[in-house]
Amino acid sequence: MKKDILSFLKLTAAPFALSAAMLAVPAHAQDATPADEASEDTIVVTGSRIARADLTSSVPVSVVSQEQIQQTGAANIQDVLNELPSVGQNISRNSTNFSTTGNGIATVNLRNLGSARTLVLVNGRRFVAGLPGTSVVDLNTIPTDLIKDVQVVTGGASAVYGSEAIAGVVNFILDDKFEGIRFHGQGTISDEGDSGRYLASLTAGTAFADGRGHIVVNGSYDRDNGLRSRNRDFSANDNPNRSSFASQGLFSPSGAFAPGAGTFTYGPGNTLKPYEGANIDGYNRNQDRYLGVPVERYLLTGLASYELSDNATLFFEGSYAKSKSRSSLEPQAVANTDLVNADGTPYAGIPLSNPFVPQAIRDYVTTMAPILNNDADPDNDISTTDLPFRRRSNDIFDRSNKNDRETWRAVAGLRGSFADSLNYEVYYGHGETKDYTRSGTIFGPQYVNALNAVAGPNGPVCSINADADPNNDDAACAPIDIFGFNTVSAAAADYVTRGGQLSEYRAKVKQDVFSASVSGEVFELPGGALSFATGFEYRREKSSEDFDDATNLGQTLGNLLTDTRGKYNVKEGFLEVVAPVLSDRPFFHYLGLEGAVRYSDYSTVGGVWSWKAGGEWAPIPDIRFRGIYSEATRAPNISELFSAQSETFPAIVDPCDQREGEGDGAPITVPAGSLSAACLAIPAIAAAANGGGFVYSTAQIQTINGFLGGNPNLEEETAKTLTLGAVFQPRFARGLSLTVDYYRIKLKNAIGIIGQQTSLNECMTGNGDALFCDNITRDATGRVTQVDAFNLNTGSFLVSGIDTQVKYSTTFGEAGRFDLSAFWTHLLKQQQTSYPGGPTQKEVGQLDCYSCGRLGTGFRDKVNVSATVGWDNVSLNWRVNYLSSVVDDLTDPNRISTGAYWYHDAQLRFGIDDSKKYEFYLGIDNVFDKKPPVFGDTNPVTFPGAQTSATTYDLYGRLFYAGVDFRF
């Protein structure tokens, strides 16, 4: 903590030099409005429920205006938020190609603490989740053209808004006072001629009943065609090696699948040949994958209000969003080891008696088996009955997902005032999300039946229909030929896919919210009127996820997935107070204190308290210091609580196993005395260890199972958040403002799982902590039979850093204007610990890691700068994103690293006349076509098919766009 604050003090001078050096990125208006722009109208800004005379706030609030959104040329608001330094790596169209569900979903993740710890609001009210089982909102449901501004608060805001606000709040303010008609159309294309994006949006608004009523309606359609991995040089090929699961098949009597005479495949013309290695005979998976999945959206939003009297106004919000997306995956890889026989035993391979087996392979077995199976090397033995295989299912089915998601939400309420200085609001909101995902699949039992073919009178037939047992007959069974390219018959493909039956996923989310609040001023203090806000909220969340029966039963060759159903409700009361202690005094231009408290009663975790306290001090009008300390909470979501248990076979190693070497007959070289006390404390292990040795056979290791799933006994996560900062608005530099804020978030009781091997290691080599040992089941012989990994409150996170923002606006000549905005986040700490006493993973300057679950790149520095020069009806905007260099030494001993990255974007906008009612614009993203760093698909920092950090760097290259924005 001391070190952090010292670093903060040392760096407060740096922004002055930075602001002079930077040129341009979207202008992010800081929380304090310059004195010459301040409004006397009261306004509620995110971070507080109390209306204030301007945007001054004790917590940092970044505001992205409608104009700044337009300068990005982005159709999807996620692309705008991604440029904010406080926003981490999100779930997006660039990271969901391999997701089982949720392809193309768009989320926001503040401070890299995860999207589940960022609360998304629309007009200050909760929005229904788009990711079933969670509170995560799909930003695809937010109409970009109707956004008036986006307000982003970083830090614990649970006392003001409730759960999920640990990392902060993103509040989308919609323009409910728009009048007239606006048409907005845009087209985008890359300089490679791909990645097409199209947008058409129509907004209409009008006042009625002599201005007492107002209605706004927006309808929009946009389509992103996505981007194939094969369309970019850095991702066109598997790197460094292609897959050995080839579309023509790979066959090895020994099961070794190594290049040479003992492994067979096919070349051009379906000619049988020796396997020469994956890079010659393998499969290029990147030819099929997406870098960015296509997303198509239809949105309809309506806002209405009607003033019943001077003290009562009815209001309504309604929205409907439909999004379509799809993934593109290489056809499924299948090996004999993925299959089981009807009796549950492992499938050894295709019977050599199968008439589709080439005679050359049979001849090889006949010749080599007597030699290889009788030498001194057991590793080169070959089977004389079965043929192990690997093959990709190109000519059988397409396993890529197709997604349809629908979200609708309606809010109705009454707001107004009474007793002169008090305001009230009462509303009820209901929202629903439906998700339907489907893909093709292969069914294991049918695949085994089709592979087990025998010769029949008119050609090959399924052996189950030719044996002596009539009870196992299947009239639909068609024998399958997987030897060579495109050899599977239509009848066989139809049989193993059960007539093209789809794997299906159906999910539904429901949310109900009732809220009643009162705010206003109650009495005068020396510095002004004491303001407060208090209220009550009731929320009910319900979610279900249903997979088809075959997926539930593990009959497909995809993952065995279970259903999740759950619900909870929460009743909350809150109070917030702002007390102006002094004002307009020497050294006390303003001094104020504020605090908030919220009590939440969950049907799942019980009563939870959140609170915050802090204040502001302005010795003179030019400078204001601010600070807030808060304790925030996040209740476990439905998925974490209620997800059903799914079985795994983790291939773990018991630390008590004395076997060394390979094979069941390996010698026992570990003496009993070297076993841990925890191992020897188990009588069966101690007896065996001092006898012939406590060892596992390979079969015993392979049958160790475990279960993953939810835990209804979870408790809430808690976080302590501190922000300390200053706002500079020098009167001698009109139009200039600067904010500098230090932040620190420490999260405890984070919900996660303890790895199954970790549980075994810590239990048997540590102090026998129940946190680990309770996950392990042993039989009467002392051997492990099951290791579970359920959700637990075990982890912790710590992030800290410094946010700096500069804004400068000025005019020149008769019609010229210059606007400069810079936002810089300097990361001091970003680290996580998976369980108490476990290793702390420090992530500052590290790459995100797809395979190990670390999804946040800890850039030391992220900067956005935007400069706009305008004159008359023409403006030019230039934006720059800066990402500092990163390394990866947590997952690769070779310390993969990158240099710093600079991305430049530009937009020229011009109107027909000074009214700017008819505007045209042209833009370029990634002006200098900066390529992403390439790591290779075997390194865990990559996302499959990207060869780079797909959630971090630009994958598309230079994009051109043009659009029109007409207002009538």
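Every value quoted in this text rests on a predicted model; they were computed, and no experiment measured them. (Residues numbered from 1 in each chain as written. Predicted model: local features only at pLDDT ≥ 70, side-chain atom pairs only at ≥ 80, totals over all residues. Heavy atoms only, no water.)

Caption draft 1: Just the overall build of the protein, in detail. Secondary structure summary: the protein contains 16 helices and 47 strands in total. Expected size for 968 residues packed as a compact globule is a radius of gyration near 30 Å; at 32 Å, the protein falls within 12% of this value. Burial statistics for the protein: of 968 residues in total, 56% are counted as buried. As displayed, the protein has an accessible area near 38,800 Å², and 55% of this comes from carbon and sulfur atoms. Averaging the coordinates of the 79 positive side-chain charges in the protein and doing the same for the 109 negative ones gives two points 4 Å apart. (Helix = DSSP H or I, 4+ residues; strand = E, 2+ residues; numbered from the N terminus. Rg over C-alpha atoms; globule rule 2.2 N^0.38 Å. Buried < 20%, exposed > 50% of the residue type's maximum accessible area, 1.4 Å probe, protein only. Areas by Shrake-Rupley, 256 points an atom, 1.4 Å probe, with all protein chains shown as cover. Lys, Arg positive; Asp, Glu negative; His and termini not counted. Charge placed at Lys NZ, Arg CZ, Asp CG, Glu CD.)

Caption draft 2: Expanded view of the sheet that holds strand E31 (residues 646–648). As summarised here, the arrangement of the three strands in space is E31-E32-E37, forming an open sheet in which the pairing is mixed. Of all the strands in the sheet, just E31 and strand E37 (789–790) have a single pairing partner and so form its edges. Where strand E32 (residues 706–709) lies against E37, two bridges are found, and the strand directions are parallel. Bridging across to E37, glycine 709 finds its partner in phenylalanine 790. (Pairing = 2+ DSSP bridges.)

Caption draft 3: Quick peek at the pairing of strand E15 (residues 295–309). Judged from the 12 bridges that link them, strand E9 (residues 213–224) and E15 form a sheet pairing that is antiparallel. What sits directly across from aspartate 222, in E15, is arginine 297. Inspection of the sheet shows E15 paired to strand E16 (residues 312–326) by 14 bridges, in the antiparallel sense. Counted as the bridge partner of glutamate 307 is threonine 313 from E16. With antiparallel pairing between neighbouring strands as the criterion, E15 and E16 make up a hairpin whose turn holds two residues.

Caption draft 4: Geometry of the packing of aromatic side chains. The final tally for this structure, using the stated rule, is 24 aromatic pairs. Ring geometry for phenylalanine 251 and phenylalanine 483: centres 4.4 Å apart, planes at 20°, overall stacked. Residue phenylalanine 251 is found in strand E11 (residues 250–251), and its partner phenylalanine 483 is found in the loop between strand E24 (459–462) and helix H9 (490–496); the two are separated by 232 residues along the sequence. According to the relative accessible area criterion, phenylalanine 251 is buried, its value standing at 0%. You can call phenylalanine 483 buried: its relative accessible area is 6%. Ring geometry for phenylalanine 694 versus tyrosine 696: centroids 5.6 Å apart, planes at 80°, classification edge-to-face. Considered together, phenylalanine 694 and tyrosine 696 belong to a single accessibility category, that of buried residues. Following the ring pairs from residue to residue traces out a cluster consisting of Phe910, Tyr918, Phe920, Phe966 and Phe968. Geometry around tyrosine 956 places arginine 197 over its ring, the cationic atom sitting 4.7 Å from the centre. (Phe/Tyr/Trp six-rings, centres within 6.5 Å; stacked < 30°, edge-to-face > 60°. Lys NZ or Arg CZ within 6 Å of the ring centre and 35° of its normal.)

Caption draft 5: Summary view of helix H7 (residues 359–372). A rise of 1.5 Å per residue sets the reference length of H7, with its 14 residues, at 20 Å; its end C-alpha atoms lie 19 Å apart and thus fit the reference within 8%. The sharpest bend along H7 comes to roughly 25°, located at threonine 366, with the proline proline 370 sitting one to four residues further on. Those residues of H7 that sit buried are Ile361, Tyr364, Val365, Ala369 and Leu372. Of the surrounding elements, those touching the buried residues of H7 are E11, strand E12 (260–267), strand E13 (271–275) and strand E19 (386–387). (Expected span 1.5 Å × (residues − 1). Bend = angle between axes of the 7 residues up to and from the residue. Contact = heavy atoms within 4.5 Å.)

Caption draft 6: A look at the environment of proline 253. By secondary structure assignment, the location of proline 253 is in the loop between E11 and E12. When sequence neighbours within four positions are dropped, the list of residues in contact with proline 253 reads Gly262, Phe264, Ile361, Tyr364, Val365, Ile382, Ser383, Leu387 and Pro388.

All quantities given are derived from atomic positions and should not be read as evidence of function.
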